[in-house]
Amino acid sequence: MLKSVRDKQVKEELSQSLQELPVPASLLQFAKDVPDMAESLPAIPAVRPIQQRSRKARFTIAAACALAVVASIGAAQVSPTFANMVKGIPGFSGVLSWLDEVRGYDGVRNARSYGYEPAEPVVKQFGDVTIGISDVYLTGDKLSYKTFVKSDEIKKNAIKQDDGYLDVDQRKITNYTINSYDFEEAIGQGSGGTIESDDATKEPVQVETSKLSLTPQQVKDFINKNPKELRFKVFEHPPGKSSKFLFELSVPFNKSQWREDLIVPLHQQVEVAGDPDLPSFTLDQLKITPTNTHLDVKIEQGSNYYLEFRQFGNYENKLEPYLTDDKGNKYPLLGDNVQKMYDSLARPGDWDGNIMEFMSSPYFDPSVKRLTLHLNGFQLTEKTPSASFTLSPGEKLPKTVRFKDKQFTIIGTSSKKGYLWLKIKKERPEDVRLGIQFGIPQDLGKAYQEKINNTPELKELYEPRPSVAVIDGVARSERPEDDYFEAGIVTPEQDSYEITMLRIANPIPLKKEITFEIRK
């Protein structure tokens, strides 16, 4: 509720997580850590995937931190070719040497170590503006690339934040976006920010990494055209004015160097003992690209829940899976794409399940014959409530409620500031979440939301307030020393409440090691 229960939950979880985000004194060390920290934060599922040609910034969570560094800056790998091209351009050369220190997360370093770079980098100057595009990689299901922009406007309007990081007053500068011409309708995501060169100029440069999701057919159709280049459109977005197409930017593409992904069918069932909703899931296939390794996971079609293998909070680095090969190399989890977290946003071809992406790839090493998946666990969240109970304000407490494999005890209730508060006994002092989200029936919630929107007194009552973290209905403990959880439910006062329940971020440990043969 308040737009939606999940929207507000995500917003508050993000706010809390950002307050806890550690920022070391060393900017370089922070940049190295950003990918891990960013992925450890809760995702923002309320943000709908957008078409890559949209001007809207495609920022990940770390970019939202306003720390003025690229969220996936650790993924930046700078090719020597590109470094040589911009060596004489003030600002760029210093940035490249800095980026080179934090590269390697996106698998480009590994691919280049085997001489794989089918698309060359390009730099274009016009007036005082310089735009560069590098690390352009087309695989069987995505196009990824990195862009660099510097201009006099960016330099004049750079701002040093109190924390020492660099930002730019976006209201006063012309922004530039570089979008794919060949895959205009592709759905994209990316991250960007402003970094300061470490050469004598100390010039601010805006950097962005972009990744477009493609279908195998789109890639096949493109390759069948015998392309000599990958084309991009450059748009400018002056402050307060309409966006305008500037020019086309072409990156030479060598089809003879392009490599198809290695697909390894698995269709392997993984049993989950004792879970009330998930009896098993399927490891469907491995896809080994020149840059990364992907694992497709499928659950029962039409499931009322989704899984998250990428963890955050107390379970970070405890449940996350990883791969190893038969030579002892480790491939950490880079990302976890939940295919149908929201059914209404699902695209054709999506299934119920996940696509896990692991750092780097054994693609170019024929001596690697086997990969082993180390499955440590995951978290399960229901999409809609699956049970309910009744509660009267004056009834005798404590009240014990059973929900699937859980049993909890309500030891107190109160109504204040528009919320029904539940106080729930904590069974283990170390727990910070009960794993249940409480609410009210959808029809009542919708009617009450309409009333809130049309009633100034109610609207003001529910306005977010600084330093007040209320996540609708999520039972949690703010202080480890407390022996109870609290859950605040947005609801009108009633003589008797029907309280709905759904599982949220329930940790499910799973100690399994599964080996796959990828080559004979």
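Residues numbered from 1 in each chain as written. Predicted model: local features only at pLDDT ≥ 70, side-chain atom pairs only at ≥ 80, totals over all residues. Heavy atoms only, no water.

Draft legend 1. Geometry of the overall build of the protein chain. For the protein chain, the helix and strand inventory stands at 10 helices and 28 strands. Within the protein chain, the proportion of its 520 residues that are buried is 53%. Roughly 24,300 Å² of accessible area belongs to the protein chain as shown, and the carbon and sulfur atoms make up 48% of that amount. (Helix = DSSP H or I, 4+ residues; strand = E, 2+ residues; numbered from the N terminus. Buried < 20%, exposed > 50% of the residue type's maximum accessible area, 1.4 Å probe, protein only. Areas by Shrake-Rupley, 256 points an atom, 1.4 Å probe, with all protein chains shown as cover.)

Draft legend 2. Structural detail: the pattern of salt bridges. Counted by the stated rule, this structure contains 27 salt bridges. For aspartate 326, the salt bridge is made with arginine 370, and the minimal N-O distance between the two is 3.7 Å. Of this pair, aspartate 326 sits in the loop between β16 (322–325) and β17 (330–338) while arginine 370 sits in strand β19 (residues 370–382), placing them 44 residues apart in sequence. Judged by its relative accessible area of 40%, arginine 370 falls in the partly exposed class. The partner of glutamate 481 in a salt bridge is arginine 479, and the shortest N-O contact between them spans 3.9 Å. Since its relative accessible area comes to 60%, glutamate 481 is described here as exposed. Members of the salt-bridge network, linked through shared partners, are Asp275, Asp277, Glu382, Lys404 and Arg503. (Salt bridge = Lys/Arg side-chain N within 4 Å of Asp/Glu carboxyl O.)

Draft legend 3. Focus on the sheet that holds strand β10 (residues 229–237). With respect to topology, three strands assemble into an open sheet ordered β7-β10-β11, the strand pairing being antiparallel. Either end of the sheet is taken by a strand with one partner, and the two such strands are β7 (175–180) and β11 (244–252). Taken over all neighbouring pairs, the strand axes of this sheet differ in orientation by 25° on average, direction set aside. (Pairing = 2+ DSSP bridges. Axes fitted to C-alpha atoms, helices over the stretch in contact; angles between N-to-C directions.)

Draft legend 4. Molecular detail of the packing of aromatic side chains. In the structure shown here, the tally under the stated rule is 19 aromatic pairs. Relative to phenylalanine 245, the ring of phenylalanine 235 has its centre 5.7 Å away and its plane inclined at 70°; by these criteria the two rings are edge-to-face. One end of the pair, phenylalanine 235, is in strand β10; the other, phenylalanine 245, is in strand β11, and 10 residues separate them in sequence. Here phenylalanine 245 falls in the partly exposed class, since its relative accessible area comes to 41%. Here the aromatic rings of phenylalanine 281 and phenylalanine 309 are separated by 6.0 Å at their centres, their planes lie at 75°, and the arrangement is edge-to-face. Taken together, the residues phenylalanine 281 in strand β13 (residues 280–288) and phenylalanine 309 in the loop between β15 (305–308) and β16 connect sequence positions 28 residues apart. With a relative accessible area of 0%, phenylalanine 309 lands in the buried category. Lysine 124 extends its terminal NZ or CZ atom over the ring of phenylalanine 247, reaching a point 5.1 Å from the ring centre. The aromatic ring of tyrosine 181 is capped on one face by lysine 233, whose charged end is 4.5 Å from the ring centroid. (Phe/Tyr/Trp six-rings, centres within 6.5 Å; stacked < 30°, edge-to-face > 60°. Lys NZ or Arg CZ within 6 Å of the ring centre and 35° of its normal.)

Draft legend 5. A look at the nonpolar core. With 67 residues, the main nonpolar core has Leu138, Leu143, Phe232, Phe281 and Leu283 as its most contacted residues. Those residues in contact with phenylalanine 281 that lie beyond four places of it in its chain are Gln268, Gln269, Val270, Val272, Val297, Lys298, Ile299, Leu307, Phe309, Leu375, Phe378 and Leu510. Counting 20 residues, the second-largest nonpolar core is a separate cluster that includes Ile410, Leu434, Ile436 and Phe485. (Core = buried A, V, L, I, M, F, W, Y, C linked by side-chain atoms within 4.5 Å. Contact = heavy atoms within 4.5 Å.)

Draft legend 6. Region of interest: the environment of glutamine 268. As for its placement among the helices and strands, glutamine 268 is situated in strand β12 (residues 262–271). Taking relative accessible area as the criterion, glutamine 268 reaches 29% and is therefore assigned partly exposed. When the C-alpha atoms of glutamine 268 and valine 297 are compared, they prove to be 9.6 Å apart, with 29 residues separating the residues in sequence. If near-sequence neighbours (up to four positions away) are discounted, glutamine 268 is found in contact with Phe281, Thr282, Leu283, Ile514 and Phe516.

Draft legend 7. Local environment of the pairing of β15. Residues Tyr305 and Leu307 point to one face of β15 and Tyr306 and Glu308 to the other, with burial holding for every one of them. Examined bridge by bridge, β15 and β19 share four bridges and lie antiparallel to one another. The partner of leucine 307 across the bridge, within β19, is leucine 380.

Draft legend 8. A look at the environment of aspartate 343. Mapped onto the elements, aspartate 343 comes out in the loop between β17 and β18 (353–358). Aspartate 343 sits 40 residues away from lysine 383 along the chain, and the two C-alpha atoms are 9.0 Å apart.

Draft legend 9. Geometry of helix α8 (residues 216–224). Among the residues of α8, those classed as buried are Val219, Phe222 and Ile223. All buried residues of α8 project into a common sector of 95° when viewed along the axis, lining one side. Along α8, the residues that are exposed and aim more than 90 degrees away from the buried face are Lys220 and Asn224. Contacts made by the buried residues of α8 are with β3 (129–138) and β10. Once α8 finishes, asparagine 226 follows within two positions and takes phi at roughly 55°, a positive value. (Arc of directions from axis to C-beta.)

Draft legend 10. Region of interest: the environment of glutamate 120. Relative to the assigned elements, glutamate 120 resides in the loop between α6 (108–113) and β2 (122–126). Relative accessible area serves as the criterion here: at 46%, glutamate 120 is assigned to the partly exposed category. Through-space distance from the C-alpha of glutamate 120 to that of isoleucine 133 is 9.0 Å; in sequence the pair is 13 residues apart. In this view, glutamate 120 contacts Val251 and Pro252; residues no more than four positions away in its chain are not counted.

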